[in-house]
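# Understanding the architecture of this molecule
Given next are the chains, with one letter for each unit.
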Amino acid sequence: MSDTEKMYKVKANEFEFSFTQSDVASLDMVRQSATSFNIIHKNSSVNAILLEVDETTYKKMNIEVAGENFAITIKDELDMMLDHMGFGVVTHKHLKEIKAPMPGLVLEINVAEGQEVVAGQKLLILVAMKMENSIVIENDAVIKGIAVTAGQAVDKGQILFELE
């Protein structure tokens, strides 16, 4: 690694690791669609699907790898410096409800009322424009109520879950 190369710190659920721009460039990765990738690592093929991305910073996203969801947070050197100085602590607002991000059809619900859920966990699958979209939770919470059923059509902004 050169002295001028940027270092990134990544948190994927409970896993933490670092990488450089060279590490990414050396990956054997093929983009299959706008949200689907195939990566070959140590003679194994892995498919990854980008489920959601924070388009304001591009530093938070949800991906699915081999059927498992990962809430990803990427920090660059500035973010790490701010953390070190005590300015990187972010307070999460406590969500009271999860709303449909788009109109669609509820394919399946993966949680039950009263269930404790963790950040990155899949709550339901919403079919929109012939694509299955996993709706995941951003913070740990408890499902207070489920406002939809499997097979139900929903509008954008419609409440799907109430949280405690």
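Heads up: these notes are all about the structure in this document. Quick caveat, the model's predicted, so the values are computed rather than measured. (Residues numbered from 1 in each chain as written. Predicted model: local features only at pLDDT ≥ 70, side-chain atom pairs only at ≥ 80, totals over all residues. Heavy atoms only, no water.)

## Some words on the nonpolar core
Leu123, Leu124 and Phe161 are the most contacted members of the largest nonpolar core, which has 17 residues in total. Elements with a minimum of two residues in this core: strand 11 (122-128), strand 13 (141-146) and strand 15 (159-163). Other than its neighbours up to four places away in sequence, Phe161 contacts Lys96, Glu97, Ile98, Ile109, Val111, Leu123, Leu124, Ile143, Gly145 and Ile146. Judged by nonpolar contacts, the second largest core, of 9 residues, contains Tyr8, Val10, Ala12 and Ile74. (Core = buried A, V, L, I, M, F, W, Y, C linked by side-chain atoms within 4.5 Å. Buried < 20%, exposed > 50% of the residue type's maximum accessible area, 1.4 Å probe, protein only. Helix = DSSP H or I, 4+ residues; strand = E, 2+ residues; numbered from the N terminus. Contact = heavy atoms within 4.5 Å.)

## Description of the packing of aromatic side chains
Taken as a whole and assessed by the stated rule, the structure comprises 2 aromatic pairs. Measuring from centroid to centroid gives 5.4 Å for Tyr8 and Phe19, while their planes differ by 20°, and the two rings are stacked. Note that Tyr8 is positioned in strand 1 (residues 7-12) and Phe19 in strand 2 (residues 15-20), a separation of 11 residues in sequence. With respect to class, Tyr8 is no different from Phe19; both count as buried. Summarising the aromatic geometry, the rings of Phe15 and Phe70 are spaced 6.5 Å apart at their centres and angled 50° between planes, so their arrangement reads as tilted. With Phe15 in strand 2 and Phe70 in strand 7 (residues 68-75), this residue pair connects regions lying 55 residues apart in the sequence. Note on Phe15: relative accessible area 44%, which makes it partly exposed. (Phe/Tyr/Trp six-rings, centres within 6.5 Å; stacked < 30°, edge-to-face > 60°.)

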